[in-house]
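Chain residues, written in single-letter form:
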Amino acid sequence: MEMDRVTKAFLSLVAVLIILSPPVGILLVWNYDDAWGEWDVARVEHMVGQKLPGMEKLADAWNHAILPDYNVPGWEDKLHASMGYILSAVVGVALYWGFYYILVKFVAGKGLAS
């Protein structure tokens, strides 16, 4: 199956972003604190000046993540953490692609049977 030029360019961009995820995601966070938006309830309360309704109730939802903290449990050194970050990016892209594929099948009216 031959891919068109736009698809090849898009997949190349995704591959580059996956490979760049460790230095952007880990190295910057290690030097400058938490990644933007990945704050716990106490941090948000301090930043905003008040508790946000419902945030404490949903705070534990991420305890059941497939790869918590974008890493494989036990891979704590920098090399393994970088590989875990890449693996997390690959899993995330695969999940989004799978969701997109299923959505397109339903929207196109073909269902999953075809």
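The following refers to the structure shown.

**A short note on the packing of aromatic side chains**
No. 1: What the rule picks out here adds up to one aromatic pair.
No. 2: Ring plane angle 20 degrees and centroid distance 5.5 Å describe the contact between tryptophan 97 and tyrosine 101, whose orientation is recorded as stacked. On the criterion of helical spacing, the pair formed by tryptophan 97 and tyrosine 101 is a turn pair, its members being four residues apart in helix H4 (residues 78–107).

**Brief notes about a negative patch on the surface**
No. 1: A cluster of acidic side chains, namely Glu38, Asp69, Glu76 and Asp77, defines a negative patch on the protein surface.
No. 2: The residue glutamate 38 is located in the loop between helix H1 (5–32) and helix H2 (41–48) in this model.
No. 3: What makes glutamate 38 partly exposed here is its relative accessible area of 40%.

**A word on the side chain of asparagine 71**
No. 1: With respect to the secondary-structure elements, asparagine 71 resides in the loop between helix H3 (55–58) and H4.
No. 2: In this structure asparagine 71 comes out as buried when scored by relative accessible area, which is 11%.
No. 3: At 2.7 Å, the side chain of asparagine 71 forms a polar contact with the backbone oxygen of tryptophan 75.
No. 4: The residues touching asparagine 71, leaving out its near neighbours within four places in the chain, are His80, Ala81 and Gly84.

Calculation criteria
- Residues numbered from 1 in each chain as written.
- Predicted model: local features only at pLDDT ≥ 70, side-chain atom pairs only at ≥ 80, totals over all residues.
- Heavy atoms only, no water.
- Phe/Tyr/Trp six-rings, centres within 6.5 Å; stacked < 30°, edge-to-face > 60°.
- Helix = DSSP H or I, 4+ residues; strand = E, 2+ residues; numbered from the N terminus.
- Patch = residues over 30% accessible without salt bridge, like charges linked within 9 Å, V, L, I, M, F, W, Y side chains within 5 Å.
- Areas by Shrake-Rupley, 256 points an atom, 1.4 Å probe, with all protein chains shown as cover.
- Salt bridge = Lys/Arg side-chain N within 4 Å of Asp/Glu carboxyl O.
- Lys, Arg positive; Asp, Glu negative; His and termini not counted.
- Charge placed at Lys NZ, Arg CZ, Asp CG, Glu CD.
- Buried < 20%, exposed > 50% of the residue type's maximum accessible area, 1.4 Å probe, protein only.
- Polar contact = N/O pair within 3.5 Å; in protein donor to acceptor, adjacent residues only side chain to side chain.
- Contact = heavy atoms within 4.5 Å.

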